[in-house]
Amino acid sequence: MTNYNTETRRIKLIKSHSNENVQVLPFPFDIQSCKRAFTTRNIKTENMQTLISGSIRPKAGDLVLCEVTRLRQHCRIEQPNGRRSRMFVKDKIIVCYGDRYAPDQFESVVPENLGACHLVAGGGIASLMRHKSPKVKPATEIQPIGLIGDSDGQILNLKDHQTLNVYNSDDQNFVPVLMVAGSSMNAGKTTTVASLIKGLTADGYEVGAVKITGTGSGGDLWHFIDAGAKHVIDFTDAGHASTYLVKHEKLLRDYHKMINHLKSKNVDVIVVEIADGILQHETKKLLQSTDLINTTTAMYYTSGDSSSAIYGSHWLEKTGYDVMALSGVVSSNPLGVQEINQATNIPVITKKQMCEAGSGHLLFETLTNKASQLKVK
Amino acid sequence: MKATHSKNNNEILFRQLPSQEQMSYYYFAPKTVKSVLILVHGISRNAKEIIKAFKPLAEKNQVLLIAPIFKKGYAKDYQRLGRNGKGPRSDYQLMGIIKDCKSLTNIQFNKFNLFGFSAGAQFAHRFTFAHPNLINKVALVAAGWYTLPTKHLAYPSGLKLKKEFNDIAFIPKRFLRTKYRVYIGEKDNKRDASLNKNSIIDETQGLNRLERAISWIELMQLHIQKHGIKNHIELEILPNSSHDFVSCVNNANLHIQAMKWLNDE
């Protein structure tokens, strides 16, 4: 990604109106008449006071006002309250720029200017589609009108509106961290996380859930909340519209921030979902980092078929994780389960088993034992 | 709109937008407001002159007046709505000013009437072409030249857009339904220094403002008929008036005529 001088962007653009190619105008529309996306939920509408247009290069996380020009794959936009509002051509939507990596949908990047681009996620990501899966229609077309700024004409960016507590957990009580990774998109990670949460909360444990990577969308968070998680956060709370193309060091720092935030909420267990497959660039690098290996008490690995379950679990064990169970789409396929059982001793756990009475106690005890074993080591 | 009560102090007030120091406007809010009139100045930025002329009538007719100031040197392309790379978007400037005035006066409205003099009339008809949903009636006084309702000519001569705007679509079926009235001074038939003398405009619209107003109305009328829309654009010749707002007011009661037409049901 191009390195862009933040300071140059953060100058009060109104004061620099001598730059004729950048215009700062008061936000001309009634903000309530614009459909605001889930990704922008941490920025108050009162702060959206100006519209900045002209020759300006947008950056991931910048808020942008767009007009819907052609409806294709995404016909609805998810609002901050989770309602998926139907879109119409000419609708004004408030979304944010971001890169997206989704093998089942699109690969897209933040464009170089405010030219026409795409809505690549219903959660509200404006981006330029580079590749698409044959399974989906081309992305919905949108026309950016301008970046959204505060009353001083400073561009509003998610990174300046993080909601995580600043907290150092080094001296705090231990909280087990259960990581859920998968072979690919749609391998069953979110369902597994939700089922684990359901099993734990049904047995009286307070669960904190976090999705540490992915593309801004409320679907998974609502799923975790519905399953009973006490505190739910994701990377958008750390200031990212999506985590594709975000620097590894930054992701690692934000991982700690998110975990520490949940620890500060005094939960009993933290369940972590890491998006996409283990071979996806950012996911792979994160999983290989000693920070993640050392802070993860145990791992659930989800996959769509037996061969990827076996490859993935071996890769994770080799990397240094304690793979506690396999699950996901393959767990509902008896022949797939049979193949896995012939190749490895790692148990395959179904959604139903995770939600069963007592499964939460068993899981919590196992996690606590594993943690004490790790401490002894 | 429903009659709305405002905090009235019976004066024309000046307002600087807090979020943009380049933008300001005059406004007058009578005690009760039944309609809203936006007054758009000409190239000389005579906003105060125009709002002063309309104030007594606004008081009587319960009209909220807003006279935006498109600042010289900043809003360089305001007549043509601020094309990409030519200047800030003047339609958004006006919408921002209206939004500010709504919250300032606590008067809520969706639609308004538009009055434009000279370059202000250029702005007014182009704004209406772009945002017909916001407009009730438009009074155009002595525009130097016009955007013709044809996609055969590139904007701003016609409606064909390339990269002038990111988000404007001119839809004749919509803007041809708006009520327009064109006013032009009887003596406004000179090729003065401020007149655009581009040969294409001369050829397609006429040699002076009077000719150009007539040919624009004819073409608009033709397209109105073509689309099967019931509408009629009228031309009012202002007796003894030249290309000067004061002359039009003093010699032909332009302000009275315009206010009457704009407020007729």
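Scroll up a little and you will see the structure.
Thresholds applied
- Residues numbered from 1 in each chain as written.
- Chains lettered and ligands numbered in written order.
- Predicted model: local features only at pLDDT ≥ 70, side-chain atom pairs only at ≥ 80, totals over all residues.
- Heavy atoms only, no water.
- Helix = DSSP H or I, 4+ residues; strand = E, 2+ residues; numbered from the N terminus.
- Rg over C-alpha atoms; globule rule 2.2 N^0.38 Å.
- Buried < 20%, exposed > 50% of the residue type's maximum accessible area, 1.4 Å probe, protein only.
- Contact = heavy atoms within 4.5 Å.
- Areas by Shrake-Rupley, 256 points an atom, 1.4 Å probe, with all protein chains shown as cover.
- Buried area = accessible area lost by both parts, 1.4 Å probe.
- Salt bridge = Lys/Arg side-chain N within 4 Å of Asp/Glu carboxyl O.
- Polar contact = N/O pair within 3.5 Å; in protein donor to acceptor, adjacent residues only side chain to side chain.
- Nonpolar A, V, L, I, M, F, W, Y, C, P; charged D, E, K, R; others polar.
- Pairing = 2+ DSSP bridges.
- Axes fitted to C-alpha atoms, helices over the stretch in contact; angles between N-to-C directions.
- Phe/Tyr/Trp six-rings, centres within 6.5 Å; stacked < 30°, edge-to-face > 60°.
- Lys NZ or Arg CZ within 6 Å of the ring centre and 35° of its normal.

### Describing the overall build of chain B
Within chain B, the secondary structure is distributed over 8 helices and 10 strands. Computed over the C-alpha atoms, the radius of gyration of chain B is 17 Å, within 12% of the 18 Å expected from 2.2 N^0.38 for a compact globule of 265 residues. Residues classed as buried in chain B amount to 60% of the 265 residues present. Put simply, of all contacts in chain B between residues at least 6 apart along the chain, 67% involve residues at least 24 apart. About 11,300 Å² of surface is accessible on chain B, with carbon and sulfur atoms providing 49% of the total.

### What about the interface of chain B and chain A?
With 19 residues of chain B at the contact, the number on the chain A side is 22 residues. Carbon and sulfur atoms make up 55% of the area that chain B and chain A hide from each other, which totals about 1,800 Å². Between the two partners, chain B and chain A, sit 0 salt bridges. On inspection of chain B and its partner chain A, the count reaches 4 residue pairs in polar contact (both at pLDDT 80 or more). Its residues assigned to classes, the side of chain B that touches chain A comprises 7 nonpolar, 7 polar and 5 charged.

### A few points about the sheet that holds strand β2 (residues 13-16) of chain B
Residues and elements named next belong to chain B. If you walk across this open sheet you meet the 8 strands as β2-β3-β6-β5-β7-β8-β9-β10, and the pairing is mixed. If you trace the sheet from one side to the other, it starts and ends with β2 and β10 (234-238), each paired once. The average undirected angle you get between the axes of adjacent strands in this sheet is 20 degrees.

### Quick look at the environment of B:C101
All names here are of chain B. Positionally, C101 belongs in helix α2 (residues 90-105). On a C-alpha basis, the gap between C101 and K173 in space is 30 Å, while along the polypeptide they are 72 residues apart. Residues in contact with C101, not counting those within four places in the same chain, are Y25, Y27, I66 and N106.

### A look at the packing of aromatic side chains
Aromatic rings in a pair are described by how distant their centres are and how their planes are angled relative to each other. All names here are of chain B. Evaluated as defined, the whole model comprises 22 aromatic pairs over all chains. Between Y146 and W216 the ring centres are 4.8 Å apart and the planes differ by 15 degrees, which places this aromatic pair in the stacked class. Taken together, the residues span a long stretch of sequence, with Y146 in the loop between β8 (135-141) and α4 (172-175) and W216 in helix α6 (residues 209-226) at a distance of 70 residues. One exposure class covers both Y146 and W216, and it is buried. Arranged with centres 5.4 Å apart and planes meeting at 25 degrees, the rings of Y155 and F170 form a pair that is stacked. In this pair, Y155 is assigned in the loop between β8 and α4 and F170 in the loop between β8 and α4, connecting sequence segments 15 residues apart. Overall, the relative accessible area of 4% leaves F170 in the buried class. Three or more aromatic residues joined by ring pairs make a cluster, and in this case those are F129, Y146, Y155, F165, F170, F175, Y180 and W216. Across from the ring centre of Y92, 4.3 Å away, lies the NZ or CZ of R89, which sits over that ring.

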